[in-house]
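Breakdown of the fold
This is what each chain is made of:
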Amino acid sequence: MAHNPVNHPARPIYRAIGGLTGAYLAAFGVAGVIATSGEPFFSQSDMTAFGQGTNLANSVLSLLLGLVVLAGAAFGRNFDCVINKWSSWALLLVGGFSLAFMQTEINILNFSIATVVVAWVLAMVLLMAGMYGKVGSEDDHKAWQSARLEL
């Protein structure tokens, strides 16, 4: 897309931010697995990790998503951008779904308000890292520069 920067000067910083977000997701997943071990997979109890409502299913999904984001940040080569964008949209959808059904039996991931807020903040951070972390050839960079709106 012409409106997404290519070879942004802060690309290494955005890649590191994506990696740190993945590390947080993985750490939350590990803490959640430890805190919820012995509980049913889709338990709706008052278990928390890092102050967020969780259950074993939410913890395992967070751990897996965190490892995927970390792998993308380690590998780079625009795979991190794709992984960050798709992960951010997934977190936004899961957070919205969980917010809509929080007080019902459909809250299978045991989200609390704090979990929704953190999921949405992490989603926005991953989306930012995905949008600004793209790398390309010098021709791609020149095409992006020429397509920018200059005031």
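Structure shown above.
These figures come from a predicted structure and were not determined experimentally.

Let us look at the layout of surface pockets. Quantified by volume, the largest pocket comes out at close to 240 Å³. When residues of the lining of the largest pocket are traced back to their parent elements, those giving at least two are helix H1 (11-36), helix H2 (56-75), helix H3 (79-100) and helix H4 (113-132). Looking at the lining of the largest pocket, its residues break down into 13 nonpolar, 4 polar and no charged.

Moving on, we get to the packing of H2 against H3. It is the contact of H2 with H3, at a shortest axis distance of 8 Å, that shows an interaxial angle of 155°. Between H2 and H3, the interaxial angle falls into the category roughly antiparallel. Where H2 crosses over H3, the handedness of that crossing is left-handed. Where H2 approaches H3, its residues Leu65, Val68, Val69, Gly72, Ala73 and Phe75 are matched on the opposing element by Phe79, Asp80, Ile83, Asn84, Ser87 and Leu91.

Moving on to unusual backbone geometry. Although it is not a glycine, Phe50 adopts a positive phi angle of roughly 55°. Along the polypeptide, Phe50 turns up in the loop between strand S1 (48-49) and strand S2 (52-53).

In this section: H1. A rise of 1.5 Å per residue sets the reference length of H1, with its 26 residues, at 38 Å; its end C-alpha atoms lie 37 Å apart and thus fit the reference within 8%. In this structure, the buried residues of H1 make contact with S1, S2, H2, H3 and H4. Two residues or fewer past H1, Gly38 is found with a positive phi of approximately 95°.

Moving on to the nonpolar core. Within the largest apolar cluster, 12 residues are counted, these being Leu25, Ala57, Val69, Leu91, Met102, Leu109, Phe111, Val116, Ala119, Leu122, Ala123 and Leu126. Residue assignment for this core shows that the elements contributing at least two residues are H2 and H4. When residues in this core are grouped by element, the largest group, 5 residues, is from H4. Residues contacting Leu126, with those up to four places away along its chain left out, are Gly18, Thr21, Val69, Asn84, Ser87, Ser88 and Leu91.

Take the pattern of salt bridges next. A full pass over the atoms with the stated rule returns 1 salt bridge. The residue Arg11 makes a salt bridge to Asp80 at a minimum N-O spacing of 3.4 Å. Here Asp80 lies in helix H3 and Arg11 lies in helix H1, a separation of 69 residues in the sequence. According to the relative accessible area criterion, Asp80 is buried, its value standing at 3%.

Now for the packing of aromatic side chains. Enumeration over the complete set of coordinates arrives at 6 aromatic pairs. Note on Phe41 and Phe42: the rings are 5.0 Å apart at their centroids and 85° apart in plane angle, and the pair reads as edge-to-face. Judged by centre distance (5.2 Å) and plane angle (45°), the rings of Phe75 and Phe79 are tilted. Phe79 gets classed as partly exposed once you look at its relative accessible area, which sits at 46%. One aromatic cluster in this structure is built from Tyr24, Phe28 and Phe50. When the ring centre of Phe75 is taken as reference, the NZ or CZ atom of Arg77 above it lies at 4.7 Å.

What counts and how
- Residues numbered from 1 in each chain as written.
- Predicted model: local features only at pLDDT ≥ 70, side-chain atom pairs only at ≥ 80, totals over all residues.
- Heavy atoms only, no water.
- 1 Å grid on protein atoms, 1.4 Å probe; cavity = no way out; pocket = protein on both sides within 12 Å on 5 of 7 lines; lining within 4 Å.
- Points joined across faces, edges and corners; volume = space filled by probe spheres on them.
- Helix = DSSP H or I, 4+ residues; strand = E, 2+ residues; numbered from the N terminus.
- Nonpolar A, V, L, I, M, F, W, Y, C, P; charged D, E, K, R; others polar.
- Axes fitted to C-alpha atoms, helices over the stretch in contact; angles between N-to-C directions.
- Parallel < 35°, antiparallel > 145°, perpendicular 65-115°, else oblique.
- Left-handed = near helix turned anticlockwise from the far one by under 90°.
- Contact = heavy atoms within 4.5 Å.
- Expected span 1.5 Å × (residues − 1).
- Core = buried A, V, L, I, M, F, W, Y, C linked by side-chain atoms within 4.5 Å.
- Buried < 20%, exposed > 50% of the residue type's maximum accessible area, 1.4 Å probe, protein only.
- Salt bridge = Lys/Arg side-chain N within 4 Å of Asp/Glu carboxyl O.
- Phe/Tyr/Trp six-rings, centres within 6.5 Å; stacked < 30°, edge-to-face > 60°.
- Lys NZ or Arg CZ within 6 Å of the ring centre and 35° of its normal.

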